[in-house]
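# Remarks on the overall topology
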Amino acid sequence: MFDAPARPVPQDADGRIEIEAPADAAAVDRLVLAAFGPGRFAKTAERLREGARVAAGFVAREGDGVIGSVRLWAVTVGGEPALFLGPIAVSAASRRAGLGADLVQACIDHAGDTGILLVGDLPYFSRFGFRPAPDVRLTGPVDQRRVLWLGAGEAAGEVRPA
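A few points on the structure. Everything quoted here is computed from the prediction, not taken from an experiment.

### Topic: helix H2 (residues 44-51)
Within the sequence span of H2, burial applies to Thr44, Ala45, Glu46, Leu48 and Arg49. Those residues of H2 that are buried are in contact with strand S3 (65-77), strand S4 (80-85) and strand S10 (157-161).

### Concerning the pattern of salt bridges
By the definition in use, this model includes 10 salt bridges. Linking glutamate 158 and arginine 160 is a salt bridge whose minimum nitrogen-to-oxygen distance equals 3.4 Å. Given the relative accessible area of 46%, arginine 160 is considered partly exposed. Put simply, Glu18, Asp24 and Arg61 are held in one network by salt bridges that share partners.

### Things to note about the side chain of aspartate 24
Checked against the element boundaries, aspartate 24 lands in the loop between strand S1 (17-19) and helix H1 (25-36). Judged by relative accessible area, which is 7%, aspartate 24 ranks as buried. For aspartate 24, the contacting residues outside a window of four places in its chain are Ile19, Val59, Arg61 and Val66.

### Here's the deal with the pairing of S10
Of the pairings in the sheet, the one linking S3 to S10 comprises three bridges and is antiparallel in character. The residue bridging valine 77 from the neighbouring strand is valine 159, located in S10. Looking at chain direction, strand S8 (residues 136-137) and S10 are connected through two bridges and run parallel. For arginine 137, the partnering residue across the bridge sits in S10 and is glutamate 158.

### What about H1?
Over its 12 residues, H1 runs 16 Å from end to end, which matches the ideal 16 Å to within 8%, given 1.5 Å per residue. Taken as a whole, H1 has its buried residues at Ala25, Ala27, Val28, Leu31 and Val32. Considered in projection along H1, the buried side chains sweep an arc of 160° and stay on one side of the axis. Along H1, exposed side chains directed more than 90 degrees from the buried face belong to Arg30 and Ala34. Packed against the buried residues of H1 are strand S2 (54-62), S3 and strand S5 (89-90).

Conventions adopted
Residues numbered from 1 in each chain as written. Predicted model: local features only at pLDDT ≥ 70, side-chain atom pairs only at ≥ 80, totals over all residues. Heavy atoms only, no water. Buried < 20%, exposed > 50% of the residue type's maximum accessible area, 1.4 Å probe, protein only. Helix = DSSP H or I, 4+ residues; strand = E, 2+ residues; numbered from the N terminus. Contact = heavy atoms within 4.5 Å. Salt bridge = Lys/Arg side-chain N within 4 Å of Asp/Glu carboxyl O. Pairing = 2+ DSSP bridges. Expected span 1.5 Å × (residues − 1). Arc of directions from axis to C-beta.

Structure follows, in C-alpha coordinates:
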(Lines give C-alpha, C1' and ligand atoms only; values in the text may rest on other atoms or scores of the structure.)
Protein backbone atom coordinates (compact mmCIF):
# COMPACT_ATOMS: atom_id res chain seq x y z
CA MET A 1 0.00 0.00 0.00
CA PHE A 2 2.77 2.47 0.87
CA ASP A 3 6.00 3.26 -0.87
CA ALA A 4 9.05 2.61 1.28
CA PRO A 5 10.18 5.84 2.94
CA ALA A 6 12.93 7.43 0.88
CA ARG A 7 14.03 9.62 3.77
CA PRO A 8 14.33 9.29 7.53
CA VAL A 9 11.06 9.39 9.45
CA PRO A 10 10.12 13.01 10.12
CA GLN A 11 9.71 13.66 13.82
CA ASP A 12 7.97 16.60 15.36
CA ALA A 13 9.44 18.08 18.52
CA ASP A 14 7.23 15.91 20.74
CA GLY A 15 7.74 12.70 18.74
CA ARG A 16 3.98 12.29 18.39
CA ILE A 17 3.93 11.82 14.59
CA GLU A 18 4.72 8.37 13.20
CA ILE A 19 4.69 6.70 9.81
CA GLU A 20 1.30 5.15 9.14
CA ALA A 21 1.42 1.35 9.29
CA PRO A 22 -0.81 -0.86 7.12
CA ALA A 23 -2.62 -1.91 10.31
CA ASP A 24 -3.67 1.76 10.81
CA ALA A 25 -5.72 1.91 7.56
CA ALA A 26 -9.13 1.15 9.10
CA ALA A 27 -8.61 3.63 11.95
CA VAL A 28 -7.49 6.30 9.47
CA ASP A 29 -10.55 5.66 7.29
CA ARG A 30 -12.85 6.04 10.33
CA LEU A 31 -11.09 9.24 11.40
CA VAL A 32 -11.36 10.77 7.91
CA LEU A 33 -15.02 9.80 7.62
CA ALA A 34 -15.76 11.37 11.01
CA ALA A 35 -13.92 14.56 10.04
CA PHE A 36 -15.29 15.03 6.52
CA GLY A 37 -18.41 12.88 6.22
CA PRO A 38 -19.54 11.03 3.13
CA GLY A 39 -19.64 14.26 1.09
CA ARG A 40 -15.90 14.06 0.60
CA PHE A 41 -16.41 11.27 -1.95
CA ALA A 42 -17.93 13.79 -4.38
CA LYS A 43 -14.91 16.10 -4.35
CA THR A 44 -12.38 16.38 -7.15
CA ALA A 45 -9.50 15.83 -4.71
CA GLU A 46 -10.99 12.48 -3.70
CA ARG A 47 -11.33 11.45 -7.37
CA LEU A 48 -7.62 12.15 -7.81
CA ARG A 49 -6.69 10.15 -4.71
CA GLU A 50 -8.74 7.18 -5.94
CA GLY A 51 -6.43 6.83 -8.94
CA ALA A 52 -3.16 7.58 -7.16
CA ARG A 53 -0.99 5.43 -4.93
CA VAL A 54 -0.13 6.39 -1.39
CA ALA A 55 3.46 7.63 -1.29
CA ALA A 56 3.52 8.11 2.50
CA GLY A 57 1.15 8.37 5.42
CA PHE A 58 1.58 9.79 8.91
CA VAL A 59 -0.46 9.36 12.07
CA ALA A 60 -0.67 10.83 15.54
CA ARG A 61 -1.58 8.46 18.36
CA GLU A 62 -3.00 8.70 21.81
CA GLY A 63 -2.53 5.40 23.57
CA ASP A 64 -3.48 2.73 21.05
CA GLY A 65 -5.78 5.03 19.09
CA VAL A 66 -5.14 7.08 15.96
CA ILE A 67 -6.16 10.70 16.63
CA GLY A 68 -4.67 12.33 13.54
CA SER A 69 -3.67 11.36 10.03
CA VAL A 70 -2.50 12.65 6.68
CA ARG A 71 -1.33 11.04 3.47
CA LEU A 72 0.80 12.01 0.50
CA TRP A 73 -0.22 10.65 -2.91
CA ALA A 74 2.03 10.18 -5.94
CA VAL A 75 0.93 12.45 -8.79
CA THR A 76 2.38 14.37 -11.69
CA VAL A 77 1.83 18.05 -12.39
CA GLY A 78 2.42 18.90 -16.03
CA GLY A 79 4.23 15.58 -16.34
CA GLU A 80 6.62 16.29 -13.44
CA PRO A 81 6.61 14.10 -10.29
CA ALA A 82 4.87 15.67 -7.32
CA LEU A 83 2.96 14.74 -4.17
CA PHE A 84 -0.67 15.50 -3.38
CA LEU A 85 -1.32 16.15 0.32
CA GLY A 86 -4.54 15.20 2.05
CA PRO A 87 -6.82 14.73 3.63
CA ILE A 88 -5.65 15.92 7.02
CA ALA A 89 -7.90 14.64 9.79
CA VAL A 90 -7.68 15.19 13.54
CA SER A 91 -10.21 13.85 16.02
CA ALA A 92 -12.62 16.47 17.35
CA ALA A 93 -11.29 16.02 20.90
CA SER A 94 -7.69 16.65 19.77
CA ARG A 95 -8.13 19.75 17.64
CA ARG A 96 -6.34 22.92 18.66
CA ALA A 97 -3.39 20.90 19.96
CA GLY A 98 -1.26 21.63 16.88
CA LEU A 99 -1.52 18.11 15.47
CA GLY A 100 -2.66 19.32 12.06
CA ALA A 101 0.41 21.52 11.74
CA ASP A 102 2.67 18.69 12.90
CA LEU A 103 1.15 16.37 10.31
CA VAL A 104 1.65 18.93 7.52
CA GLN A 105 5.25 19.46 8.60
CA ALA A 106 5.88 15.69 8.53
CA CYS A 107 4.72 15.68 4.90
CA ILE A 108 6.96 18.61 4.02
CA ASP A 109 9.94 16.97 5.71
CA HIS A 110 9.27 13.70 3.88
CA ALA A 111 8.86 15.37 0.48
CA GLY A 112 12.34 16.91 0.48
CA ASP A 113 12.78 18.54 -2.94
CA THR A 114 9.59 17.06 -4.40
CA GLY A 115 6.82 19.61 -4.85
CA ILE A 116 3.59 19.26 -2.88
CA LEU A 117 0.15 20.15 -4.18
CA LEU A 118 -3.03 20.44 -2.13
CA VAL A 119 -6.51 21.88 -2.15
CA GLY A 120 -6.96 23.93 1.01
CA ASP A 121 -7.17 27.27 2.77
CA LEU A 122 -4.35 29.68 1.91
CA PRO A 123 -4.50 31.46 5.30
CA TYR A 124 -3.72 28.14 7.04
CA PHE A 125 -1.20 26.68 4.59
CA SER A 126 0.72 29.87 3.71
CA ARG A 127 2.59 29.61 7.03
CA PHE A 128 4.27 26.49 5.63
CA GLY A 129 5.20 28.26 2.39
CA PHE A 130 2.31 27.10 0.20
CA ARG A 131 1.19 29.59 -2.42
CA PRO A 132 -1.58 29.72 -5.05
CA ALA A 133 -1.05 27.57 -8.13
CA PRO A 134 -3.21 29.27 -10.77
CA ASP A 135 -1.73 27.30 -13.67
CA VAL A 136 -2.38 23.85 -12.19
CA ARG A 137 -5.43 22.04 -13.57
CA LEU A 138 -7.33 19.33 -11.75
CA THR A 139 -9.86 17.20 -13.60
CA GLY A 140 -13.23 18.18 -12.17
CA PRO A 141 -14.69 21.16 -10.37
CA VAL A 142 -12.42 22.88 -7.87
CA ASP A 143 -12.14 26.39 -6.45
CA GLN A 144 -8.91 27.40 -8.19
CA ARG A 145 -8.10 29.80 -5.33
CA ARG A 146 -7.73 26.75 -3.06
CA VAL A 147 -5.20 24.94 -5.30
CA LEU A 148 -1.88 25.47 -3.51
CA TRP A 149 1.74 24.53 -4.25
CA LEU A 150 4.92 24.21 -2.24
CA GLY A 151 8.06 23.62 -4.24
CA ALA A 152 10.83 25.17 -6.25
CA GLY A 153 9.46 27.22 -9.11
CA GLU A 154 5.90 27.43 -10.26
CA ALA A 155 3.75 24.40 -10.95
CA ALA A 156 1.77 24.29 -14.19
CA GLY A 157 -0.25 21.77 -16.14
CA GLU A 158 -2.67 18.97 -15.56
CA VAL A 159 -2.56 16.87 -12.39
CA ARG A 160 -2.64 13.11 -12.93
CA PRO A 161 -2.10 10.09 -10.70
CA ALA A 162 1.46 8.79 -11.00
